[in-house]
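# Secondary and tertiary structure notes
This is what each chain is made of:
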Amino acid sequence: MNKALKEIHDLLVDRVDDLSETIGKTDDPTEAKKLLVEMQEVLHRVNVAQNLLFTQASQELNNFLPDIKQADAALKQSLKSVQNVANVIKQTAKVLEYVDKALDLAKTLAVI
């Protein structure tokens, strides 16, 4: 199993759980829907990562982890306050930007 992809996968699963919990804390259906869309985006990456878990390891793939973890720390912080959904969306997009780069590389490695 590719350790970097496993780490990315586990991080994403944790964020799905956090987003689900955050949705449960809001009384505003519009805000809840926005958070649900973000949760679906993260869940899609969970599915992609699952399918790539046995892709060969690569230092280049490992190099994405610090950026992903840094962006994830900001996302976790933004999830502590359901009052700023726009910030949650912004931070989720930042995490997914780095995750997508890592997954794209993993997909390339899977076909080589």
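The following refers to the structure shown. Everything quoted here is computed from the prediction, not taken from an experiment. (Residues numbered from 1 in each chain as written. Predicted model: local features only at pLDDT ≥ 70, side-chain atom pairs only at ≥ 80, totals over all residues. Heavy atoms only, no water.)

## Some words on the overall build of the chain
Of regular secondary structure, the chain possesses five helices and zero strands. The C-alpha radius of gyration of the chain comes to 14 Å, within 12% of the 13 Å expected for a compact globule of 112 residues. Considering the chain as a whole, with its 112 residues, one finds that 43% of them fall into the buried category. At a minimum sequence separation of 6, the contacts of the chain that also span at least 24 residues come to 79%. (Helix = DSSP H or I, 4+ residues; strand = E, 2+ residues; numbered from the N terminus. Rg over C-alpha atoms; globule rule 2.2 N^0.38 Å. Buried < 20%, exposed > 50% of the residue type's maximum accessible area, 1.4 Å probe, protein only. Contact = heavy atoms within 4.5 Å.)

## Quick look at the side chain of H9
Checked against the element boundaries, H9 lands in helix α1 (residues 3–25). Polar side-chain contacts of H9 include one of 3.2 Å to the side chain of D10. With residues up to four places along the chain from it excluded, the contact list for H9 reads V46, A49, Q50 and L53. (Polar contact = N/O pair within 3.5 Å; in protein donor to acceptor, adjacent residues only side chain to side chain.)

## Quick look at helix α4 (residues 65–79)
For α4, with 15 residues, the first-to-last C-alpha span of 20 Å sits near the 21 Å given by 1.5 Å per residue. Regarding α4, the residues found buried are L65, I68, A71, D72, L75, S78 and L79. Take α4 and look down its axis: the buried residues cluster within an arc of 140°, on one side only. With respect to the buried face of α4, the exposed residues turned more than 90 degrees away are P66, Q70 and Q77. Buried-residue contacts for α4 involve α1, α3 (59–62) and α5 (85–111). (Expected span 1.5 Å × (residues − 1). Arc of directions from axis to C-beta.)

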